[in-house]
Amino acid sequence: MKELRKEPRKDPDAGRRGFLRLAVGGAAALLQGCAGTDNETVAAALRGISRFNDAAQGLLFRPQALAPVYPRGELTLPFRFNAFYSEASVPEIDEASWRLTVDGLVRSRSEWTLKQLKALPPLTEITRLICIEGWSAVGQWTGVPLHYFLGLVGADTRAKYVAFRCADGYYTSIDMASALHPQTMLAFSFNGSASLPDEFGFPLRLRIPTKLGFKNPKHLTGITVTDSFTSGYWEDLHGYNWFAGL
Ligand SMILES: Nc1nc2c(c(=O)[nH]1)N[C@H]1C(S)=C(S)[C@@H](COP(=O)(O)O)O[C@H]1N2
Ligand SMILES: [Mo]
């Protein structure tokens, strides 16, 4: 992950990363040690290590540390599409019937139209989306800061998680500290466009530049504030680390 970063943050906590690398390195050592045992044993051990890494990252994460921002001249054009399907299969969502459902540990369940979300005070930021598959791209997103939105819906910010559901069946969740991070937003515009292009998550996506690309769900339909841990699509399928902090 680290080699993907073009301009590393001036990094007062290299020690933290070293520690995490050690923890990850443990997985490789363990895999070798497990040679000859069945796949389920290895998978269970790896899940255990990933959970350990989640806990370590959760403890060491600096909630207010900012991801790098870029000037307009560094926008990656054209931007890169990624999903668990090809671009030809991108869902086409009807704005008139679309709603964002918000439930769980909030004042009361609510449903939001795109128009209502666009009326909230927006944040615009140029940041780098980094995909675990080995590429990154700089884009400009505009949206409502998630911390502001969570305040608006009366979310219990002592809850552990914010979980996301998508129109294409994708899902993931994040820790509350990351949900409250000042750069985390519910984005409804990309590179200055009136709305998100279909392929980049119309009508609403999470943009969280302090985490890997797969923690940035597109085509959102639901948000749940919860104390119950639920994982994510790639986390469940490929064992990707749930916290996935940068
Ligand atoms: N709904 C949904 N969101 C998703 C995905 C997906 O398949 N479906 N893929 C994720 C992954 S792995 C990445 S890298 C980014 C890619 O976002 P982009 O198409 O804007 O580059 O979206 C993330 N969000
Ligand atoms: Mo990704």
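Residues numbered from 1 in each chain as written. Chains lettered and ligands numbered in written order. Predicted model: local features only at pLDDT ≥ 70, side-chain atom pairs only at ≥ 80, totals over all residues. Heavy atoms only, no water.

**Let's talk about the overall build of the chain**
In terms of regular secondary structure, the chain is built from six helices and nine strands. Counting the 246 residues in the chain, one finds 49% classified as buried. Of the contacts made within the chain by residues no fewer than 6 positions apart, 69% connect residues no fewer than 24 positions apart. If you sum the accessible surface of the chain, you get close to 11,800 Å²; carbon and sulfur atoms cover 58% of it. (Helix = DSSP H or I, 4+ residues; strand = E, 2+ residues; numbered from the N terminus. Buried < 20%, exposed > 50% of the residue type's maximum accessible area, 1.4 Å probe, protein only. Contact = heavy atoms within 4.5 Å. Areas by Shrake-Rupley, 256 points an atom, 1.4 Å probe, with all protein chains shown as cover.)

**Some details on the site of ligand 1**
What surrounds ligand 1 is a group of 21 residues, the closest being Arg-80, Asp-168, Arg-205, Asn-216 and Lys-218. Side-chain polar atom of Asp-168 to a nitrogen atom of ligand 1: 2.9 Å apart, as the coordinates give it. Calculation on ligand 1 without its partners gives an accessible area of 540 Å², and the protein chains cover 99% of this total. Here ligand 1 occupies the largest cavity. Split by residue class, the shell around ligand 1 holds 12 nonpolar, four polar and five charged. (Near = heavy atom within 4 Å. Polar contact = N/O pair within 3.5 Å; in protein donor to acceptor, adjacent residues only side chain to side chain. 1 Å grid on protein atoms, 1.4 Å probe; cavity = no way out; pocket = protein on both sides within 12 Å on 5 of 7 lines; lining within 4 Å. Sits in = over half its atoms within 2 Å of the grid points. Nonpolar A, V, L, I, M, F, W, Y, C, P; charged D, E, K, R; others polar.)

**So, the confidence of the model for the chain**
Mean pLDDT over the chain works out to 89, with 85% of the residues at or above the 70 mark. Within the model, the stretch residues 1–12 combines pLDDT values under 50 with 21 contacts to residues more than four positions away or in other chains. (pLDDT = per-residue confidence, 0-100.)

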